[in-house]
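Architecture and fold: a report
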Amino acid sequence: LKVILTYKDGILVKAATRGDGEIGEDITENIKTVKVIPLSLPSKVSITVIGEAWMKKKDLDSINKEREKDGLPLYANTRNFSAGTLRQLDPKVVAKRNIQIYAYDIETTKGEKNTYISQEEELKALEHFGFLVNKDRKVCKNLKEVQSFYDSWITKRKMEDYGIDGLVVKINERVIWDSLGYTAKSPRAGIAYKFP
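Attention in this report is confined to the structure presented alongside it. (Residues numbered from 1 in each chain as written. Predicted model: local features only at pLDDT ≥ 70, side-chain atom pairs only at ≥ 80, totals over all residues. Heavy atoms only, no water.)

1. Side note on the sheet that holds strand S2 (residues 11-17)
Strand order in this open sheet of 4 strands is S2-S1-S3-S4, and the pairing throughout is antiparallel. Whereas interior strands pair on both sides, the edge strands pair on one side only; in this sheet they are S2 and strand S4 (99-107). For this sheet, the mean inter-axis angle between neighbouring strands, taken without regard to orientation, is 30 degrees. As defined by bridge partners, strand S1 (residues 2-8) adjoins S2 across 6 bridges and the pair is classed as antiparallel. Note on S2: the bridge partner recorded for leucine 5 is alanine 15. (Pairing = 2+ DSSP bridges. Helix = DSSP H or I, 4+ residues; strand = E, 2+ residues; numbered from the N terminus. Axes fitted to C-alpha atoms, helices over the stretch in contact; angles between N-to-C directions.)

Next up, the structure:
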């Protein structure tokens with residue numbers, strides 16, 4: 001589930017789902033209970049952070065074992081369970097579940113210029129601000145390196161504690177990224193490269 005986190009002067013003021021690209025669901029109170037999300041940043045910046053919610057496979061297994069004991073239907077997968085959790089009406093339910101969110105982009109508002117020169121620099125800034133950022137990333141210099149990194153993940157992904165159905169390949173240079181623009185749901189500078 002894609003989440004959008006808005007900070008004003010370094011304080012979390014709003015959280016929403018992506019929705020249809022224009023209108024999403026307000027999940028602010030639920031996000032405030034997610035341990036990996038900073039409620040305040042180390043500096044008084046006003047930014048919008050984009051991230052992806054997920055749950056560790058072992059946490060879902062543990063929840064499903066309890067449900068099985070109680071004779072309840074099991075949850076199918078971590079992706080759907082994470083999305084359903086963040087849409088709960090009761091933030092206390094969300095607080096009990098170990099939802100994770102990988103931050104992966106700092107979005108600018110229309111007419112505003114992104115001050116980061118690369119995607120990698122932006123990810124390092126997100127880490128500095130206290131966000132969880134996936135360490136399994138690589139800046140590739142050509143398509144051969146992209147393919148090699150992708151090939152290494154075809155089997156490696158099965159050992160991860162999160163579901164993964166592909167990689168996202170992005171242009172690193174922000175000047176090119178910004179010139180390509182956005183569709184309703186995503187930047188044109190990134191594309192999903194799904195596994196077979």
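2. A closer look at the packing of aromatic side chains
All chains considered together, the criterion is met by 8 aromatic pairs. By the ring-pair criterion, three or more aromatic residues cluster together here, those being Trp54, Tyr102 and Tyr162. (Phe/Tyr/Trp six-rings, centres within 6.5 Å; stacked < 30°, edge-to-face > 60°.)

3. Here's the deal with a nonpolar patch on the surface
The grouping of Val175, Ile176 and Leu180 at the surface amounts to a nonpolar patch, some 260 Å² of accessible area in total. Tracing the sequence through the fold places isoleucine 176 in helix H7 (residues 174-180). Look at isoleucine 176 and you get partly exposed, because its relative accessible area is 38%. (Patch = residues over 30% accessible without salt bridge, like charges linked within 9 Å, V, L, I, M, F, W, Y side chains within 5 Å. Areas by Shrake-Rupley, 256 points an atom, 1.4 Å probe, with all protein chains shown as cover. Salt bridge = Lys/Arg side-chain N within 4 Å of Asp/Glu carboxyl O. Buried < 20%, exposed > 50% of the residue type's maximum accessible area, 1.4 Å probe, protein only.)

4. Describing helix H3 (residues 78-86)
If you check which residues of H3 are buried, you get Thr78, Phe81, Ser82, Ala83, Thr85 and Leu86. Against the buried residues of H3 lie S1, helix H1 (28-31), strand S3 (47-55), helix H2 (57-69), helix H4 (91-96) and S4. (Contact = heavy atoms within 4.5 Å.)

5. Thoughts on the environment of arginine 18
With respect to the helices and strands, the residue arginine 18 is situated in the loop between S2 and H1. Put simply, arginine 18 and leucine 1 are 17 residues apart on the chain and 7.8 Å apart in space, counted from C-alpha to C-alpha.

6. Focus: the pattern of salt bridges
One side chain can pair with another of opposite charge once the charged atoms of both are near each other. One pass over the full model with this rule turns up 12 salt bridges. Measuring nitrogen to oxygen at the nearest pair gives 3.4 Å for the salt bridge that ties lysine 14 to aspartate 26. Residue lysine 14 is located in strand S2, and its partner aspartate 26 is located in the loop between S2 and H1; the two are separated by 12 residues in the primary sequence. The exposure class of aspartate 26 is exposed, given its relative accessible area of 52%. Beyond isolated ion pairs, a larger network of salt bridges with shared partners links Asp105, Glu122, Arg174 and Asp178.

7. Concerning the side chain of threonine 17
Assignment of secondary structure puts threonine 17 in strand S2. Using a relative accessible area of 3% as the deciding quantity, one classes threonine 17 as buried. In terms of polar contacts, threonine 17 uses its side chain to reach the backbone amide nitrogen of glutamate 25, at 2.8 Å. (Polar contact = N/O pair within 3.5 Å; in protein donor to acceptor, adjacent residues only side chain to side chain.)

8. Topic: the environment of tryptophan 54
The residue tryptophan 54 is located in strand S3 in this model. Residue tryptophan 54 is classed as buried on the basis of its relative accessible area, which comes to 11%. C-alpha separation for the pair tryptophan 54 and glutamine 119, spaced 65 residues apart in sequence, amounts to 21 Å. Ignoring any residue separated from it by four or fewer positions in sequence, one finds tryptophan 54 in contact with Ser82, Asn98, Ile99, Gln100, Ile101, Tyr102, Leu132, Asp161 and Tyr162.

9. Thoughts on H2
Over its 13 residues, H2 runs 19 Å from end to end, which matches the ideal 18 Å to within 8%, given 1.5 Å per residue. Within H2, burial applies to Asp59, Leu60, Asn64 and Arg67. Along the axis of H2, the buried positions cluster into a sector of 135 degrees, meaning they face one direction only. Exposed residues lying more than 90 degrees from the buried face of H2 are Lys58, Lys65, Glu68 and Lys69. Turning to H2, the residues buried within the fold contact S3 and H3. Two residues or fewer past H2, glycine 71 is found with a positive phi of approximately 75 degrees. (Expected span 1.5 Å × (residues − 1). Arc of directions from axis to C-beta.)

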